[in-house]
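Residue strings, one per chain:
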Amino acid sequence: MSLETPAPLTPYPRHGSNSGQPISRRDGELKVTGQATYAADNHPPGLLYAVTAVSSIARGRVAALDVAAAKAHPGVVEVITPANRPPLSHDPDVKLGMFGFRIEVLQDDKVRYANQPIALVLAESLEAAVEGAALLRPRYEVEPARTGLGNGDRYAPAAVGVGAPPRTAFGDLDAGFAAADQVIEAEFTTPAQFHNAMEPHAVVAQWDGDHLTLDMPNQALVMSREAYAAYFGVPGENVLIRSPFLGGGFGSKAILNGPQILAILAARHMRRPVKLVLSRAQMYGPVGHRGRTWQTLRLGVDGEGRLTAMHHHSLAATSSFEDFLEPAANASLHAYASPAILSQTEGLRLDIGTPGPMRAPGEASGSAALEVAMDEAALACGMDPLAFRLKNFAETEPGTGRPYSSNALRECYAEGAKAFGWAGRPLQPRQMRDKDGLLVGWGMGTALFPCPHFPAEARATLRADGTALVETAGVDMGQGAWTALAQIAAEALGLDPEQVEFRSGVSDLPDAGVAGGSGHTASAGLALHNAGQNVIARLAELAGADPASPLFGAGNIGVVAKGGRLHRRDDEGRSESYADILARTGQTELVGTGRMARDEEAVQAWAMYSHGAVFAEVKVDPDLGMVRATRLVGAFAAGRIINPKLVRSQYYGGMIWGVSFALQEAAIADPRTGRIMNADLAEYRIPVNADVPSLEAILVPEDDRYVNPLGVKGVGEIGITGTVGAIANAVWHATGVRVRRFPIQIEDLLGGG
Ligand code: MOS
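Reading the values: rules and limits
Residues numbered from 1 in each chain as written. Predicted model: local features only at pLDDT ≥ 70, side-chain atom pairs only at ≥ 80, totals over all residues. Heavy atoms only, no water. Helix = DSSP H or I, 4+ residues; strand = E, 2+ residues; numbered from the N terminus. Rg over C-alpha atoms; globule rule 2.2 N^0.38 Å. Buried < 20%, exposed > 50% of the residue type's maximum accessible area, 1.4 Å probe, protein only. Areas by Shrake-Rupley, 256 points an atom, 1.4 Å probe, with all protein chains shown as cover. Phe/Tyr/Trp six-rings, centres within 6.5 Å; stacked < 30°, edge-to-face > 60°. Lys NZ or Arg CZ within 6 Å of the ring centre and 35° of its normal. Pairing = 2+ DSSP bridges. Right-handed = clockwise from strand over helix to strand, strands pointing away. Expected span 1.5 Å × (residues − 1). Arc of directions from axis to C-beta. Contact = heavy atoms within 4.5 Å. pLDDT = per-residue confidence, 0-100. Polar contact = N/O pair within 3.5 Å; in protein donor to acceptor, adjacent residues only side chain to side chain. Axes fitted to C-alpha atoms, helices over the stretch in contact; angles between N-to-C directions. Parallel < 35°, antiparallel > 145°, perpendicular 65-115°, else oblique. Left-handed = near helix turned anticlockwise from the far one by under 90°. Nonpolar A, V, L, I, M, F, W, Y, C, P; charged D, E, K, R; others polar. Domains from an automatic or database assignment. Buried area = accessible area lost by both parts, 1.4 Å probe. Salt bridge = Lys/Arg side-chain N within 4 Å of Asp/Glu carboxyl O.

### Here's the deal with the overall build of the chain
At step 1: For the chain, the helix and strand inventory stands at 16 helices and 28 strands.
At step 2: Taken against the 2.2 N^0.38 rule, which gives 27 Å for 753 residues, the C-alpha radius of gyration of the chain at 27 Å falls within 12% of a compact globule.
At step 3: In terms of principal-axis extent, the alpha carbons of the chain reach across some 85 × 75 × 50 Å.
At step 4: Looking at the chain as a whole, 61% of its 753 residues qualify as buried.
At step 5: Surface summary for the chain: the accessible area is close to 27500 Å², and the carbon and sulfur share equals 52%.

### Regarding the packing of aromatic side chains
At step 1: Applying the stated criterion to the full structure yields 17 aromatic pairs.
At step 2: Through pairs of rings, three or more aromatic residues link up here, namely Y38, F245, W482 and F502.
At step 3: Across from the ring centre of F177, 4.1 Å away, lies the NZ or CZ of R298, which sits over that ring.
At step 4: R349 extends its terminal NZ or CZ atom over the ring of Y155, reaching a point 4.0 Å from the ring centre.

### Re the pairing of strand β28 (residues 694-699)
At step 1: Judged from the six bridges that link them, strand β27 (residues 627-637) and β28 form a sheet pairing that is parallel. Bridge assignment links G634 to a residue of β28, and that residue is A697.
At step 2: In the classification by handedness, the crossover that spans β27, the intervening helix α14 (residues 644-663) and the parallel β28 is right-handed.

### Describing helix α9 (residues 409-420)
Each turn of an α-helix holds 3.6 residues, which means side chains three or four residues apart point in the same direction.
At step 1: Taking 1.5 Å as the rise per residue, α9 with twelve residues should run 16 Å; its terminal C-alpha atoms sit 16 Å apart, in good agreement.
At step 2: Looking only at α9, the buried set comprises L409, C412, Y413, G416, A417 and F420. Down the axis of α9, the buried set is contained in an arc of 115°. They therefore lie on one face.
At step 3: Summarising the contacts, the buried residues of α9 are in contact with α8 (385-391), β18 (439-450), β26 (609-620), β27 and β28.
At step 4: G421 sits one or two positions beyond α9 and adopts a positive phi of about 85°.

### Some details on the confidence of the model for the chain
At step 1: Of all residues in the chain, 97% have pLDDT values of 70 or greater, and the mean over the chain is 95.
At step 2: Confidence drops under pLDDT 50 across residues 1-9; counting only partners more than four residues distant or on other chains, this segment forms 16 contacts.

### Examining α14
At step 1: The end-to-end C-alpha distance of α14 is 28 Å, a good match for the 28 Å that 20 residues give at a rise of 1.5 Å each.
At step 2: Here α14 lies mainly inside the structure; 14 of its 20 residues are buried.
At step 3: Measuring from the backbone nitrogen of K645 back to the side-chain oxygen at the start of α14 gives 3.0 Å, which picks out N643 as the cap.

### A short note on the environment of G148
At step 1: Within the secondary structure, G148 is located in the loop between β6 (139-142) and β7 (153-155).
At step 2: G148 sits in the buried class, given a relative accessible area of 9%.
At step 3: With 169 residues separating them along the chain, G148 and A317 place their C-alpha atoms 8.3 Å apart.
At step 4: Apart from the residues lying within four places of it in its own chain, the contact partners of G148 are R292, L348 and L350.

### Digging into the packing of helix α10 (residues 481-493) against helix α11 (residues 520-544)
At step 1: One way to put it is that α10 packs onto α11 with a least axis distance of 8 Å and a crossing angle of 30°. As the angle between them shows, α10 and α11 are arranged roughly parallel. Judged by the sense of rotation from one axis to the other, the crossing of α10 with α11 is right-handed. On the side of α10, the interface is formed by A481, A484, L485, I488, A489, A492 and L493, while α11 contributes H520, T521, A524, G525, L528, H529, G532, Q533, V535 and I536.
At step 2: Broken down by class, the residue content of the contact of α10 with α11 amounts to eleven nonpolar, six polar and no charged.

### Some remarks on the sheet that holds strand β19 (residues 457-463)
Whenever strands of a sheet pair, they do so through backbone hydrogen bonds, lying parallel or antiparallel.
At step 1: Spatially, β21-β20-β19-β25 is the arrangement adopted by the four strands of the open sheet, whose pairing is mixed. Unpaired on one side and paired on the other, β21 (500-503) and β25 (589-595) mark the two borders of the sheet. Along the sheet, successive strands turn relative to each other by an average axial angle of 15°, direction set aside.
At step 2: Bridging between β19 and strand β20 (residues 468-471) involves four bridges; their strand directions are antiparallel. The residue of β20 that forms the bridge with A460 is V470.
At step 3: Sheet strands touched by α10: β20 and β21. Its angle to β21, the strand with the most contacts, is close to 135°.

### Examining the domain arrangement of the chain
At step 1: Its domain assignment divides the chain into domain 1 (28-35 + 456-597), domain 2 (45-361) and domain 3 (385-452 + 603-749).
At step 2: The centre of domain 2, based on its C-alpha atoms, is set 27 Å off from the matching centre of domain 3.
At step 3: Counting each side, the surface lost to burial between domain 2 and domain 3 is near 3300 Å², with a carbon and sulfur contribution of 62%.
At step 4: Counting across the interface, domain 2 meets domain 3 through zero salt bridges.
At step 5: Taken together, domain 2 and domain 3 are joined by 13 residue pairs in polar contact (both at pLDDT 80 or more).
At step 6: If you tally residues by element for the side of domain 2 that touches domain 3, the top one is strand β9 (residues 182-190), at five residues.
At step 7: Residue composition of the side of domain 2 that touches domain 3, by class: 23 nonpolar, nine polar and six charged.

Take a look at the structure:
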């Protein structure tokens, strides 16, 4: 990669203001009034209910199942086990594409993790299916489960995350540490976390000959369609996935899973529609999770408080049969200026379900460790944590030296600190108490997330009445895509959002790519923007060539689309409505298409990230060790903001998850059996309203002319990345106890300080 600063490219034209309309979600009313239908709300006639029987051991084999007892139960019509499982067209032991993991679909009698499907029971009612599954009474040959560091098998992975290298090095690490005045070394652990979307994984599968219709929550409609088509040996266009609403995805609904494949297979086998809805407990296994990590950070600092070297090593847990590894160590590659950086990941094979992407995969776990280590380094240098980060501000991308397409991180630090009231914070811990005698602590962390884009396509149709229909297979999993994408399309079409009908959430529309990686608005948005512009260009051509139009001779470049009219750029008073242009030229509609397109030269030349700074206040009971996050202020810069209301909501969501990561969430495996002991929402702790502090999200303006023609970065995942460390650092500041194991628990704080 070139270390030279590229000459500035021709900037993209700017579009409107930096921040758009804060309109409310188009799907909001449907959801709060219960009119929105989710996958499991579908009841086609002749429906069979499927329930997976799942293993209660984590490793071994199923020696016997009492299939006869299950089948004798009234209402049970079939039991599918490895002995009679119908064939699939794609070998489930072979990975299928980037997000297509190897999965359990009853291909053998082996048990590889607790909650693995070991049979599928089909019945005329849900109750009968549940009772039938219970009657199977599996007998197992049990092998000791590998549950942690003590008995897991370490290995050197070929890749981390979805294809990143397991080792990345910049500069001379030994020289960096040799030049350091101090080396701060710290070990961190992060637990297994499960997505726990409100809507469980579900599918209603219907076959009509070799055509398949699937109602299911799905973050990547067209990509998944192709994968299901491969498993069932039919052309992609024969598979229709309907996913109008998702009750949360967070990455877990972007990957295929075994239970869904089994339900589809059962529907074909039984020649009847089949519905499968996982129970909450059954989601702790076959549908992904945030994998455990054991991270070591070494930071070298010189006498001025400058980083001389960063070494981030992560041991990441995965299953015995797949390779997804949380890319936590890579969080240190892009955050701070350091002449030498080494990121390394090792794998640890355990008898668990395969982990997968979960909101800010890598960055969430990695920044949790990095931001605490940075706090420790600041203290070692006798510096304020914010001053220390500013001292190590990366003026260009660490390692590559590429300039940032935009980087308002300094403004984020400044605005966040001001709103929080950071100035005057004592350096030492245990200096502040509130009126009730609770220890008060303040901490901060840097938030950062890259700006991936995915291939995406869209179609726009201008109708005779001057309104428009825009279509793309986008996914709204609660983030507000339907609304923000409609706003982008409306802007490109020169219409109000109310004049734009937006069709989405079905796989036979143009491919909108993956709703993930914080890249959906940018990716699908670019496709819609281009489709809208394509229509307008064609409309301008029609008008410009028509001597009867006031736009005659204006040419394509010479018009502006707004308010449902084309205006001459040189004389905006001369204009004509879309409806009139279409009517006079005899068109009933005008169709345009667009795809995600970026300037590839710019993508190579500039480093592209969203940035932010999170400031946290906690209060800790000095006697009981109870921690409350009382105040969070995040300031984020993510390029152009399409809808500030929705974006703020994304930041809040990320920050709330940061509270959860720092103080609450962990799935705990029983070391004797490998079973998760808290696979329910009573004991798997997530924040309720009382746990959510006062939240403030500041939208720091940022004009990015290179990231893409819209100037849009991504906002979905960055909120969690700074928050975890900020809270942990605040806990230290309150108590003087440095906890490096997440989540921070009462017992970590008692007796310390
Ligand atoms: Mo996400 S973890 O990119 O849905």
